[in-house]
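So the chains spell out like this:
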Amino acid sequence: MPIHSLGYLRLNVTDIPAWRRFAGEFLAMQEVSGSTEGALHYRIDSFHHRLALIPAETPGLAAAAFQVTDSRDLDRMVTELETAGSTVTRGSKEDCELRQVSGFVSLTDPGGNPIELFHGPRFDHSVPVTPGVSAFVTGDLGMGHIILNMADVEAGYRFYVDLLGFSERNTTESPDGTLYFLGCNARQHTLGLAPAAGPGLLHFMFEGVNLDDVGRALDRAYRYEVPMMQSLGRHTNDNMVSFYVWSPDLHAVEFGYDGERVDPDTPSYDITEGAFWGHHFTPPPSPTG
Ligand SMILES: [Fe+2]
């Protein structure tokens, strides 16, 4: 597989104190020092950080980063992307330092979402401090999954499947078109492409190792008054038991466990419901609170 996993997310955020509560207290990630000025960096495993929150005037995705094998593989992919018409920018040594990786490139997908391809994450070998989460499910499965908005999902499909080598794992029909769930490792999906007018990060997901991790995360959501977005439920595609909350910038953020692991040649299927049970929706809080 050319792409191994989702490696890290960089988000532009407008309210650093609110995100510090959200990522540190609710998600129970370990805040670590990093060199992106004014930003917060959060660690959940051996990566220096998996989440970087960068102060900005406008919230949004700064980069969804996918890990490739090594520098040779990155070079080969850059050649293929440029041949296919993508504009690819090499990350400088300084920008590699900010990300704590050996090399990366940045580009936008056909939906206008900023993505990065990187190799050589720098490991921290100490035990991560994530109180209330026994361990985050990462390793070969990556940090979790994301759903990206895409004006033309078929163009997105050609980019991620035909060019970057993702596998189609399942689909579902929405009033706006087909939503594709794509995988690049044994995690049932690492990336979803959702039909929408413009680019954006619709949601991101972290996985704990057991039901108690989800239960304790629910307790923290109530304790820190994090607004619920979908109640506890079990998904029909990846079988994950999870709940969703609204982030300070109103992404949906999913926390779950028991996600399905699949073989690379598992055939795709179409789901007609999102959940076997649960996942009842609550709209976002109004801006005035
Ligand atoms: Fe999800």
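This one's a predicted model, so the numbers in the text were calculated from it and none came from an experiment.

Let's talk about the overall build of the protein chain
Phase 1 of the analysis: In terms of helices and strands, the protein chain carries 5 helices and 18 strands.
Phase 2 of the analysis: For a compact globule of 289 residues, the expected C-alpha radius of gyration is about 19 Å, and the protein chain comes in at 18 Å, within 12% of that figure.
Phase 3 of the analysis: Taken over the C-alpha atoms alone, the protein chain extends approximately 50 × 45 × 35 Å along its principal axes.

Some points on the domain arrangement of the protein chain
Phase 1 of the analysis: Segmenting the protein chain into domains produces domain 1 (3-121) and domain 2 (139-278).
Phase 2 of the analysis: Facing 32 residues of domain 1, the contacting portion of domain 2 comprises 35 residues.
Phase 3 of the analysis: Looking at the side of domain 1 that touches domain 2, the elements with two or more residues in it are strand E1 (3-13), helix H1 (16-26), strand E5 (60-68) and helix H2 (71-83).
Phase 4 of the analysis: The element that contributes the greatest number of residues to the side of domain 1 that touches domain 2 is E1, accounting for 8 residues.
Phase 5 of the analysis: Here the residues of the side of domain 1 that touches domain 2 sort into 17 nonpolar, 9 polar and 6 charged.

Digging into unusual backbone geometry
Phase 1 of the analysis: In this structure, Ala28 takes a positive phi of about 60 degrees despite not being glycine.
Phase 2 of the analysis: Position of Ala28 relative to the elements: it lies in the loop between H1 and strand E2 (30-32).
Phase 3 of the analysis: Residue Ala28 is classed as buried on the basis of its C-beta count, with 22 C-beta atoms lying within 10 Å.
Phase 4 of the analysis: The phi dihedral of Glu225 is positive, around 55 degrees, even though this residue is not glycine.

Description of the sheet that holds E1
In sheet architecture, strand pairing relies on hydrogen bonds along the backbone and comes in two forms, parallel and antiparallel.
Phase 1 of the analysis: One open sheet holds the 8 strands; their spatial order is E2-E3-E4-E1-E5-E8-E7-E6, and the pairing between them is mixed. The sheet is open, and its two edges are formed by E2 and strand E6 (89-90), each paired on a single side.
Phase 2 of the analysis: One ladder, built from 4 bridges, connects E5 with strand E8 (residues 114-121); its direction is parallel. Across the sheet, the residue bridging to Gln67 is Phe118, located in E8.

Side note on the environment of Glu168
Phase 1 of the analysis: Here Glu168 lies in strand E10 (residues 167-174).
Phase 2 of the analysis: According to the C-beta neighbour criterion, Glu168 is partly exposed, with 16 such atoms within 10 Å.
Phase 3 of the analysis: Sequence spacing of Glu168 and Val253 is 85 residues, and the spatial spacing of their C-alpha atoms is 23 Å.

A closer look at the pairing of strand E13 (residues 200-207)
Phase 1 of the analysis: Pairing of strand E9 (residues 145-150) with E13, which is carried by 5 bridges, proceeds in the antiparallel orientation. Of the residues in E13, the one forming a bridge with Ile147 is His203.

Examining the pairing of strand E15 (residues 241-246)
Phase 1 of the analysis: For strand E14 (residues 228-235) and E15, the ladder comprises 4 bridges, and the chain directions are antiparallel. The residue bridging Gln230 from the neighbouring strand is Tyr244, located in E15.
Phase 2 of the analysis: Remark: 5 residues form the turn of the hairpin made by E14 and E15, two consecutive strands paired antiparallel; Asn239 in that turn has positive phi of roughly 65 degrees.
Phase 3 of the analysis: Of the strand pairs in this sheet, E15 and strand E16 (residues 252-257) are connected by 6 bridges, and their pairing is antiparallel. Paired with Val241 across the bridge in E16 is Tyr257.
Phase 4 of the analysis: Hairpin connection from E15 to E16: 5 residues lie between these consecutive antiparallel strands, with Leu250 at a positive phi of about 65 degrees.

Definitions and cut-offs
Residues numbered from 1 in each chain as written. Predicted model: local features only at pLDDT ≥ 70, side-chain atom pairs only at ≥ 80, totals over all residues. Helix = DSSP H or I, 4+ residues; strand = E, 2+ residues; numbered from the N terminus. Rg over C-alpha atoms; globule rule 2.2 N^0.38 Å. Domains from an automatic or database assignment. Contact = placed C-beta atoms within 7 Å. Nonpolar A, V, L, I, M, F, W, Y, C, P; charged D, E, K, R; others polar. Buried ≥ 20, exposed ≤ 12 C-beta atoms within 10 Å, placed from the backbone. Pairing = 2+ DSSP bridges.

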